[in-house]
Amino acid sequence: MKIYNHIDEFKAVKNAVVTIGTFDGVHIGHRKIISRIKELAAATGGQTVILTFFPHPRMILHPEDESLKLINTINEKAELLEQLGVDHLIITPFSRDFSNQTAEGYIRDVLVNKIGTKTIVIGYDHRFGKDRQGGLQDLLTLAPQYNFEVVEIPEQDINDVAISSTRIRTALLENNINIANECLGYPFFITGKVIRGDQLGRELGYPTANLLIEESYKLIPADGIFAVKVKVAGKEYTGMAYIGHRPTVNGMTRNIEVNIFDFSTEIYNQQLRMEFLHFVRGDIKFSSLKELVIQLGKDKEDVQALLILNGPQFNT
């Protein structure tokens, strides 16, 4: 897959089959749309093009609202789309100027002149242009003039996408990991840099890799203990992850850390990917470190039992 960080980098391709959206999660609902554009491209000898935006439009149009949390970072999204066999991904920097284009200007300048759209696959509710005044009807009206076809995504499929996205976010925030993964079609994951912690885990007999997630908009599950799969330094491991404020030691910051099983290599400053497979328990304040260590031993047994009983469920 070729990735373009601005629409000006893209050169029009023959028989471009285009769809537009945020595709947050690249979940099973999105995958139906991607399968459709791939089918249309195969039938016309064309190539698939996804036009997405970053930052997310809400970050620009409503900067005061910090509540927006996304299932994927832009790099994670690109990785998932590439796995699905998309030919071209255009990541357009979203700005107020971009949002102020007229509907016809957007269709003419972006979809036709820049991308060379021959087929656009779009939902009935997709809006674009100044004050979101453009929509499906504008595309249908201008299609003959600009020589492209419009394929409407059925309303049920659009509703499935919206429901899935909302359900995934809610599930992750409530630690319903199995529901989230079922809707995604793959295990939810986070990617971050391993940073140095205070070594408390090492002292307790459960050394952890502490993760720094640089993207503040990345959705993080609720606090607790999780069974996870870890990918670091080109290898895969299983482990026990913790998210929380470490109430037993009166922690002040929210930590994301993982005890990697059968692992002793130093990996500071390396990128680590952690896939969430099962939720084990919520965060608890213990009366002593001794009680915490006892519980961690039980947690590790529970994690290992879950991994053996249920398996990792997905191969990614």
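Here, every reference points to the structure presented above.
Quick caveat, the model's predicted, so the values are computed rather than measured.

Student: Would you explain the side chain of Glu76 in this entry?
Tutor: Within the secondary structure, Glu76 is located in helix H3 (residues 74-83). Within the local environment of Glu76, its side chain forms a polar contact with the backbone nitrogen of Thr191, the two atoms lying 3.5 Å apart. Leaving out residues up to four positions away in the same chain, Glu76 has contacts with Ile71, Phe189, Ile190, Thr191 and Lys218.

Student: What is the right way to look at unusual backbone geometry in this model?
Tutor: Peptide bonds are mostly trans, and most non-glycine residues show a negative phi. Residue Phe54 is joined to Pro55 through a cis peptide bond whose omega torsion reads 0°. On the secondary structure map, Pro55 appears in the loop between strand S3 (47-53) and helix H2 (57-61). Here the phi dihedral of Val26 falls at roughly 40°; this positive angle occurs in a residue that is not glycine. Its place among the elements puts Val26 in the loop between strand S2 (16-20) and helix H1 (28-44). Despite not being glycine, Asp131 shows a phi value in the positive range, around 55°. Within the secondary structure, Asp131 is located in the loop between strand S5 (117-123) and helix H6 (136-146). Using a relative accessible area of 58% as the deciding quantity, one classes Asp131 as exposed.

Rules used throughout
- Residues numbered from 1 in each chain as written.
- Predicted model: local features only at pLDDT ≥ 70, side-chain atom pairs only at ≥ 80, totals over all residues.
- Heavy atoms only, no water.
- Helix = DSSP H or I, 4+ residues; strand = E, 2+ residues; numbered from the N terminus.
- Polar contact = N/O pair within 3.5 Å; in protein donor to acceptor, adjacent residues only side chain to side chain.
- Contact = heavy atoms within 4.5 Å.
- Buried < 20%, exposed > 50% of the residue type's maximum accessible area, 1.4 Å probe, protein only.

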